[in-house]
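Given next are the chains, with one letter for each unit.
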Amino acid sequence: MMRLGTGIGWRSEIADAVERMPGIDWVEAVAENVCPGHLPDSLLRLRERGVTVIPHGVSLGLGDAEPPDAGRLAALAERAEALGSPLVTEHIAFVRAGGRLTASPRLEAGHLLPVPRTRDALDVLCENVRIAQQSLPVPLAVENIAALVAWPGEEMTEGQFLYELADRTGVRLLIDVANLHTNHVNRGEDPAKALAELPLEAIAYVHVAGGFERDGVWHDSHAHPVPRPVLDILTDLASRVSPPGVLLERDENFPEPAVLERELGAIREAVELGADARARAARARSGVRELGPTEAELTPPARETEPVAPDEATRQRLGLAQTALLSALVAGTPVPEGFDRVRLGVQSRALAAKRADVVAKVAPELPLLLGDGYRAAFVAYAQGHPMRGGYRQDALDFAEELLLGGRLTEGRSRRELRRWWLDRSGPAPRPKSRLGQVGRVGRSLIGR
């Protein structure tokens, strides 16, 4: 595995700052935010300088009960080729449920949700990873996620689950130490135990990010400074293996470039502390100073067994379980047996708030039109209206519900919202001129 070094998540808001930062060996870009035919100039300049760019997918749904969508896989492959990337990454998560396997409406989470650590889920995940590996032009690495909700009846720890996944598929692992900290606070899972159980030789690189704690719940925000416990987990990991790369993630609330540079410095120091501890341990064992990564650290994990494709019944069992959970989170249906109702309530509100934030970004006119009432109106809407497509469709559905549901009284806001919705919900924008509008109406009547 190639040595990546120290990197930072490339975001358009900090693109200029990233280009000027010293010591940046590589960057990671959210795959869904990059158009292969129109790559941002900043990424092109970084590539010309020899900076590695890795696409990081967020919507493939490798943990879904259904096999990964061929179109999404093709899009991820296209981005890897356009960026000249040595690998691509995605998440060990499910993001949608329902549909064919369950004879129920298709549901979109708009978020990364945990898969149960069961044999059924592992079988499905391994097969989905295998399908993805065959469709991608470069190796795949998969990331452990942060979770607030724990599945009842789990059969493996996170470390055991990841170890078997890597062993059965040969997939690389993207270890997010911030997510290990999140699961420690929210689910009582010991990060040191997880690291001890991981196949360290399978690590492709490491994510580091910040968050905050509120009412005993850790929120993996990617919008706050990296806390000391996360850096300590990074040091623990680096004391066990030399990570090929370490990357700082920041998605919101971007600070001044100097602040990001200080965080990158703290990350380097945490890795160096771990390397020193690893070297001392090596000297204690053999009396020989460890000069660099061992051969085992650079060798992919052996594939002792071939993945066994799950049958339809296995996918269906997983699909029914995931649909019941997702429906409780986004559609207000009863909480499935064995889940923590309070935690599901917190997760449900967090999903609604995230939807409100993202819709405000993809459709910034809505907060302007609705003013201070936008957020409360959207959260109320989200509690009974699951996503049925992407966030742009979500914005249109929200506006339509406001207009048809009578929640917005007559007035300028209603007229402007109606005009906004009509301009975007049809197959083509409405003509701007009055004469053009009359002509369009006339053609419609003639067509009848």
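The structure this text deals with has already been given above.
For the structure given in this document, a descriptive report is provided here. Because the structure is a prediction, the values reported are computed rather than measured. (Residues numbered from 1 in each chain as written. Predicted model: local features only at pLDDT ≥ 70, side-chain atom pairs only at ≥ 80, totals over all residues. Heavy atoms only, no water.)

**Side note on the overall build of the chain**
Item 1. For the chain, the count of helices and strands is 17 helices and 12 strands.
Item 2. Counting every position in the chain, which comprises 448 residues, the buried fraction comes to 50%.
Item 3. Taking the intrachain contacts of the chain between residues at least 6 apart in sequence as the baseline, contacts between residues at least 24 apart amount to 75%.
Item 4. Summed over all atoms, the accessible surface of the chain reaches about 20,500 Å², with 53% contributed by carbon and sulfur. (Helix = DSSP H or I, 4+ residues; strand = E, 2+ residues; numbered from the N terminus. Buried < 20%, exposed > 50% of the residue type's maximum accessible area, 1.4 Å probe, protein only. Contact = heavy atoms within 4.5 Å. Areas by Shrake-Rupley, 256 points an atom, 1.4 Å probe, with all protein chains shown as cover.)

**A word on the pattern of salt bridges**
Item 1. Inspection of the entire model under this criterion finds 24 salt bridges.
Item 2. A salt bridge links Arg119 to Glu164; the nearest nitrogen and oxygen atoms lie 2.6 Å apart. Here Glu164 lies in helix 5 (residues 158–169) and Arg119 lies in helix 4 (residues 119–135), a separation of 45 residues in the sequence.
Item 3. The exposure class assigned to Glu164 is partly exposed, which follows from its relative accessible area of 22%. (Salt bridge = Lys/Arg side-chain N within 4 Å of Asp/Glu carboxyl O.)

**Thoughts on the packing of helix 4 against helix 11 (residues 312–330)**
Item 1. Following both chains from N to C, one finds helix 4 and helix 11 inclined at 110°, their axes separated by 9 Å at the closest point. Relative to helix 11, the element helix 4 is oriented roughly perpendicular. Crossing hand, helix 4 versus helix 11: left-handed. Contact with helix 4, carried on its side by Asp120, Ala121, Val124, Glu127 and Asn128, involves Thr314, Arg315, Arg317 and Leu318 of helix 11 and no other residues of that element. (Axes fitted to C-alpha atoms, helices over the stretch in contact; angles between N-to-C directions. Parallel < 35°, antiparallel > 145°, perpendicular 65-115°, else oblique. Left-handed = near helix turned anticlockwise from the far one by under 90°.)

**Quick look at the pairing of strand 2 (residues 26–30)**
Item 1. Most of strand 2 sits inside the fold, with 5 of its 5 residues counted as buried.
Item 2. Both faces of strand 2 are covered, namely the face carrying Trp26, Glu28 and Val30 and the face carrying Val27 and Ala29.
Item 3. Examined bridge by bridge, strand 1 (residues 5–10) and strand 2 share 4 bridges and lie parallel to one another. Within the sheet, the bridge partner assigned to Gly9 lies in strand 2 and is Glu28.
Item 4. When strand 2 meets strand 3 (residues 52–56), the two strands line up parallel, connected through 5 bridges. (Pairing = 2+ DSSP bridges.)

**Observations regarding helix 12 (residues 341–362)**
Item 1. Across its 22 residues, helix 12 extends 31 Å between first and last C-alpha, which sits within 8% of the 32 Å expected from 1.5 Å per residue.
Item 2. Those residues of helix 12 that sit buried are Leu344, Gly345, Val346, Gln347, Leu351, Ala352, Ala353, Arg355, Ala356 and Val359.
Item 3. Contacts made by the buried residues of helix 12 are with strand 6 (104–113), helix 11, helix 13 (365–370), helix 14 (374–382) and helix 15 (391–404).
Item 4. The N-cap residue of helix 12 is Asp340: its side-chain oxygen and the backbone nitrogen of Val342 are 2.9 Å apart. (Expected span 1.5 Å × (residues − 1). Polar contact = N/O pair within 3.5 Å; in protein donor to acceptor, adjacent residues only side chain to side chain.)

**So, the pairing of strand 6**
Item 1. For strand 5 (residues 94–99) and strand 6, the ladder comprises 4 bridges, and the chain directions are antiparallel. When the bridges of strand 6 are listed, Arg96 appears paired with Glu108.
Item 2. Here strand 5 hands over to strand 6 after 4 residues, with Ala103 in that stretch at a positive phi of 55°.

**Quick word on the side chain of Glu249**
Item 1. Among the structural elements, Glu249 can be located in the loop between strand 12 (245–248) and helix 9 (257–286).
Item 2. For the buried residue Glu249, which engages in no salt bridge, the nearest side chain bearing the opposite charge is Arg11, 4.3 Å off.
Item 3. At 3.1 Å, the side chain of Glu249 and the side chain of His207 are in polar contact.
Item 4. Leave out the neighbours within four places in its chain, and Glu249 touches Arg11, Glu28, His56, Asp176, His207, Val208, Ala209 and His222. (Lys, Arg positive; Asp, Glu negative; His and termini not counted.)

**Quick look at the packing of aromatic side chains**
Item 1. Across all of its chains, the model carries 8 aromatic pairs by this definition.
Item 2. Seen in terms of ring centroids, Trp151 and Phe339 are 5.2 Å apart; in terms of plane orientation they differ by 65°. Their pairing is edge-to-face. Separated by 188 residues along the polypeptide, Trp151 in the loop between strand 7 (140–143) and helix 5 and Phe339 in the loop between helix 11 and helix 12 bring together distant segments of the chain. Accessibility classification places Trp151 together with Phe339 in one group, the buried group.
Item 3. Seen in terms of ring centroids, Tyr374 and Phe378 are 6.0 Å apart; in terms of plane orientation they differ by 40°. Their pairing is tilted. (Phe/Tyr/Trp six-rings, centres within 6.5 Å; stacked < 30°, edge-to-face > 60°.)

**A word on helix 9**
Item 1. Here helix 9 is 30 residues long and its end C-alpha atoms lie 43 Å apart, about the 44 Å a rise of 1.5 Å per residue gives.
Item 2. Of the residues making up helix 9, those classed as buried are Leu260, Glu263, Leu264, Ile267, Ala270, Gly274, Arg278, Ala279 and Ala282.

**A few points about unusual backbone geometry**
Item 1. A positive phi angle, near 55°, is found at Ala103, a position not held by glycine.
Item 2. Along the chain, Ala103 turns up in the loop between strand 5 and strand 6.
Item 3. Residue Ala103 is classed as exposed on the basis of its relative accessible area of 78%.
Item 4. Here Asn253, not a glycine, exhibits a phi torsion of approximately 50°, which is positive.
Item 5. The residue Asn253 is located in the loop between strand 12 and helix 9 in this model.
Item 6. The exposure class assigned to Asn253 is exposed, which follows from its relative accessible area of 53%.

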